Amino acid sequence: MKGRKKIFLQLGICIFFLSIVGILINNLTINLIRTGLGFNFSWLLKPASFALAEHPLPYTSSDSYAWALFIGWLNSLKVIISSLFLSTCLGTLIGFARTGKNSLLGLISAGYITIIRQTPLLLQLMFWYFVGFLGLKDNVFLGIKNIFKISNQGIEFSGLTLSSEFSALLFGLSIFTSAYIAEVIRGGILSVPRGQWEAFRSLGLSERKGLFSIIVPQALPAIIPGLTSQYLNLAKNSTLAIAVGFSDIYAINDTIINQTGRAIECFLILLTSFLLLNLLISNGMEIINRIIITSSKTN
Amino acid sequence: MTVSVIKLLIQKLRKTLFSNSSNTLISFILILIINLACFITFEWLLFNANWKVVTSNIPLFAFGSFPPNEQWRPAIWIISLITLSIVTLFGPRWKWLRKNLLIAWGSTIPLGLYLLYGGIGLSPISSRHIGGLTLTILLTACSSVLSLPLGIILALGRQSSLPLIQKLSSIYIDVIRAVPLIAVLFFGQLLIPLFLPVGIEVDRVWRAIFAFTLFVSAYIAEDIRGGLQSIPHTQIESANSLGLNQYQIIRFILIPQALRIALPALTNQSIGLFQNTSLMAILGLVELLGIGRSILANPEFIGQYIEVYVWLACVYWLVCTIMAILARHLEQRMTINQANF
């Protein structure tokens, strides 16, 4: 009797759910017919006819929408990977400073973390773009024999040029994420029992050697999962690129919707590209996690 | 007395700041940098900054384009929220007051909706005119309140023994958590009208609240699931042995404990939500950041980015800090006193 009740309950929910989806799809088709758009993906092969300021691969405005979307995806990947590195380095430094012995350094890092975490990322990105980069003068702001210079055109570093949009996004995202990563690192270090510190000190190891060969390896298993979720957040937050005018996957989808009105199709494309990106990051971190676990077992 | 305190302080400073040569060097460099930074900041704050852009636009930042002779309505709402926060934190510990505080907090949302939208006795005002800090608080409050029950249902659904419900809630939670917030908000602004029958329209503020609710509920569901999983299974067994039915177990045993365990995560979600309402500035609502953007577009205040952004950062920081302090207060009150056992 109980099993049959369960089946009936599920059947009821199934019918309820399907009928709601049916009503929504019915409304959608009526609306799409009314606006005369319909639902298809053939427009992807038509020329995009908009220019992109930044493209890692050759792109002209006569290329197709599909190619423009792919360029946007590459742009997203570029900013995500570079801020991933920068924020990890910065976050690790701040995390160590926060747990270190020098209380002044700890106080400064704590202040940094609260200020960054209690203000919205969008505001920080706008600050970096409009104040940090566009607020600079046209001429060189900081130049060391033409190797490194920052101006309102962006950053130039021995032949490598980063646009001001990209640099603002990179700075904003890295600094924002580094505050969260610092907390993850701190939590990881604090999760190692105090006895371990006392033990390596009594063995006569130096503070630095003890930290890197005793404490950090034990903290890593606690750090990696937190780090993974921060990286996923970073990838999602990179869509705020639109606020500073960097053409990432979301910004290009937005442009296409404004041009063609194909909101549903673009939304599906955006959804798929983010599911792909998430799979990429979480699988990559899973591999790193496995390497760390196996290496800590063999040691 | 004072001499010994000073001696102790010097000893502590010596231990933490000047324990060895490299530490001393770092400390001196830091002190130098801090002094320099403070000097530059104060010089800018006092002499170079032009605060007219903020001071002449305070009503705009607070209420948006709300009609000037009706601005007392959002003002009353914000003042009542502030008063309630102060009473909660510093008020007297009378029992009847403490008991009614929860009701008072709960009634702030209907009060706010009534004051903002108007209705019986007040002239109705279109949501187009609601803006600034008022809109930011409205978005945060309504979305938090709506997403809590949805999150609880999703969390219970994911733990359910019925495979269909379990699959549906898992798919929903995982998909929403994989998608950036701005995509969900975009869905709310542009796609929801497409899914509605011809002729029915939902205004932009409510579409935004709906999108925030869809997004946050998936995160809340995961937090509550964490709480549910940490309840020992013996509790369910003992509830069963007492003869409670499935509904009673969920209502009286699981939900209260899971909520208490998940409370810190939940309050963090609502602080995050408060910050994330700024994303609506990109999608065309004039909440706090949106007002800032539109003021900066005004030729009179052109180029005064630093003043506006610093001011907005201070407002966001202040409200977030107040929310965090209230949250800690709530957590302290909700933890079970060990002495009772």
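Not measured: the values here are computed from a predicted model.

**Digging into the overall build of chain B**
Link 1 in the chain: Secondary structure summary: chain B contains 14 helices and 0 strands in total.
Link 2 in the chain: Going from the N terminus to the C terminus, chain B shows its helices and strands as α-α-α-α-α-α-α-α-α-α-α-α-α-α.
Link 3 in the chain: Seen through its C-alpha atoms, chain B measures out along the principal axes to roughly 65 × 60 × 45 Å.
Link 4 in the chain: For chain B, with 341 residues in total, the buried portion stands at 29%.
Link 5 in the chain: Sequence separation of at least 24 residues holds for 74% of the intrachain contacts in chain B that already meet a minimum separation of 6.

**Topic: the overall build of chain A**
Link 1 in the chain: Regarding its fold elements, chain A presents 9 helices and 4 strands.
Link 2 in the chain: Start at the N end of chain A and walk to the C end: the helices and strands fall as α-α-α-α-β-β-β-β-α-α-α-α-α.
Link 3 in the chain: By the compact-globule yardstick of 19 Å for 299 residues, chain A is too spread out, its C-alpha radius of gyration being 25 Å.
Link 4 in the chain: Residues classed as buried in chain A amount to 31% of the 299 residues present.
Link 5 in the chain: Of the contacts made within chain A by residues no fewer than 6 positions apart, 62% connect residues no fewer than 24 positions apart.

**Observations concerning the pairing of strand β4 (residues 160-163) of chain A**
Residues and elements named next belong to chain A.
Link 1 in the chain: With 4 bridges connecting them, strand β3 (residues 154-157) and β4 associate as antiparallel partners. Considered in β4, the bridge of Phe157 is made with Leu160.
Link 2 in the chain: Between β3 and β4, which pair antiparallel one after the other, the connecting turn spans 2 residues, and Ser158 there sits at a positive phi close to 40 degrees.

**Some thoughts on the nonpolar core**
Link 1 in the chain: Formed by 122 residues in total, the largest nonpolar core has its most connected members in Leu122(A), Leu125(A), Leu169(A), Ile182(B), Leu185(B) and Ala208(B).
Link 2 in the chain: The contacts of Leu185(B), once residues within four sequence positions are left out, are Ala208(B), Ala211(B), Leu279(B), Met280(B) and Leu283(B).

**Digging into helix α12 (residues 246-276) of chain B**
All names here are of chain B.
Link 1 in the chain: Over its 31 residues, α12 runs only 37 Å from end to end, short of the ideal 45 Å by more than 12%, given 1.5 Å per residue.
Link 2 in the chain: Its axis deflected by about 60 degrees at Leu263, α12 carries its strongest bend there, up to four residues before the proline Pro264.
Link 3 in the chain: Among all positions of α12, only Leu254, Ala258, Ala262, Leu266, Gln269, Ile271, Leu273, Phe274, Gln275 and Asn276 are buried.
Link 4 in the chain: Next to the buried residues of α12 lie α7 (132-159), α9 (181-195), α10 (204-229) and α14 (305-334).

**Quick notes on the interface of chain B and chain A**
Link 1 in the chain: Across the contact, 39 residues belong to chain B and 43 residues belong to chain A.
Link 2 in the chain: Those elements giving two or more residues to the side of chain B that touches chain A turn out to be α1 (2-17), α2 (21-48), α8 (163-178), α9 and α14 of chain B.

**Side note on unusual backbone geometry**
Residues and elements named next belong to chain A.
Link 1 in the chain: One non-glycine residue with positive phi stands out, namely Ser49, at about 55 degrees.
Link 2 in the chain: For Ser49, the location among the structural elements is in the loop between α1 (2-35) and α2 (65-99).
Link 3 in the chain: The class for Ser49 is exposed, based on 12 C-beta atoms found within 10 Å.

**Considerations on the packing of α12(B) against α14(B)**
Residues and elements named next belong to chain B.
Link 1 in the chain: For the pair α12 and α14, the least separation of the axes is 10 Å and the interaxial angle reads 170 degrees. The angle between the axes of α12 and α14 places the two elements in the roughly antiparallel class. Of α14, the residues touching α12 (which contributes Arg260, Leu263, Pro264, Thr267, Ser270, Ile271, Phe274 and Gln275) are Tyr316, Val319, Cys320, Met323, Ala324, Ala327, Leu330, Glu331 and Met334.
Link 2 in the chain: Its residues placed into classes, the contact of α12 with α14 shows 12 nonpolar, 3 polar and 2 charged.

**Notes on the environment of Phe85(A)**
All names here are of chain A.
Link 1 in the chain: Position of Phe85 among the secondary structure elements: in helix α2.
Link 2 in the chain: Overall, Phe85 belongs to the exposed group, with 11 C-beta atoms counted inside 10 Å.
Link 3 in the chain: For the pair Phe85 and Ser174, spaced 89 residues apart in sequence, the C-alpha to C-alpha distance is 8.4 Å.

**Quick notes on the pairing of strand β2 (residues 148-151) of chain A**
Link 1 in the chain: Relative to β3(A), β2(A) runs antiparallel, the two sharing 4 bridges. Bridge pairing in β3(A) links Phe148(A) to Phe157(A).

**Some thoughts on the packing of α2(A) against helix α3 (residues 103-117) of chain A**
Residue and element names in this part refer to chain A.
Link 1 in the chain: Interhelical geometry of α2 versus α3 gives an angle of 130 degrees and a closest axis separation of 7 Å. Classified by the interaxial angle, the pair formed by α2 and α3 is oblique. Classified by chirality, the crossing of α3 by α2 is left-handed. Two secondary-structure elements touch here, α2 through Ile94, Ala97 and Arg98 and α3 through Leu105, Gly106, Ser109, Ala110 and Tyr112.
Link 2 in the chain: In the contact of α2 with α3, the residues fall into 5 nonpolar, 2 polar and 1 charged.

**Structural notes on the confidence of the model for chain A**
Detailed reading of the predicted coordinates is not advisable wherever pLDDT is low.
Link 1 in the chain: Mean pLDDT over chain A: 86, with 95% of residues reaching 70 or higher.
Link 2 in the chain: Mean pLDDT in chain A bottoms out at strand β1 (residues 142-143) of chain A, which sits at 60, and peaks at helix α5 (residues 164-190) of chain A, which reaches 93.

**So, the environment of Glu300(B)**
Link 1 in the chain: Inspection of the secondary structure assignment puts Glu300(B) in the loop between α13 (288-296) and α14.
Link 2 in the chain: Sequence spacing of Glu300(B) and Val184(B) is 116 residues, and the spatial spacing of their C-alpha atoms is 35 Å.

**Some thoughts on the confidence of the model for chain B**
Link 1 in the chain: Of all residues in chain B, 98% attain a pLDDT of 70 or more, and the chain-wide mean is 87.
Link 2 in the chain: Of the two predicted TM-score estimates for the complex, the pTM is 0.89 and the ipTM is 0.87.

Each value, and the rule that gives it
- Residues numbered from 1 in each chain as written.
- Chains lettered and ligands numbered in written order.
- Predicted model: local features only at pLDDT ≥ 70, side-chain atom pairs only at ≥ 80, totals over all residues.
- Helix = DSSP H or I, 4+ residues; strand = E, 2+ residues; numbered from the N terminus.
- Buried ≥ 20, exposed ≤ 12 C-beta atoms within 10 Å, placed from the backbone.
- Contact = placed C-beta atoms within 7 Å.
- Rg over C-alpha atoms; globule rule 2.2 N^0.38 Å.
- Pairing = 2+ DSSP bridges.
- Core = buried A, V, L, I, M, F, W, Y, C linked by C-beta atoms within 7 Å.
- Expected span 1.5 Å × (residues − 1).
- Bend = angle between axes of the 7 residues up to and from the residue.
- Axes fitted to C-alpha atoms, helices over the stretch in contact; angles between N-to-C directions.
- Parallel < 35°, antiparallel > 145°, perpendicular 65-115°, else oblique.
- Nonpolar A, V, L, I, M, F, W, Y, C, P; charged D, E, K, R; others polar.
- Left-handed = near helix turned anticlockwise from the far one by under 90°.
- pLDDT = per-residue confidence, 0-100.

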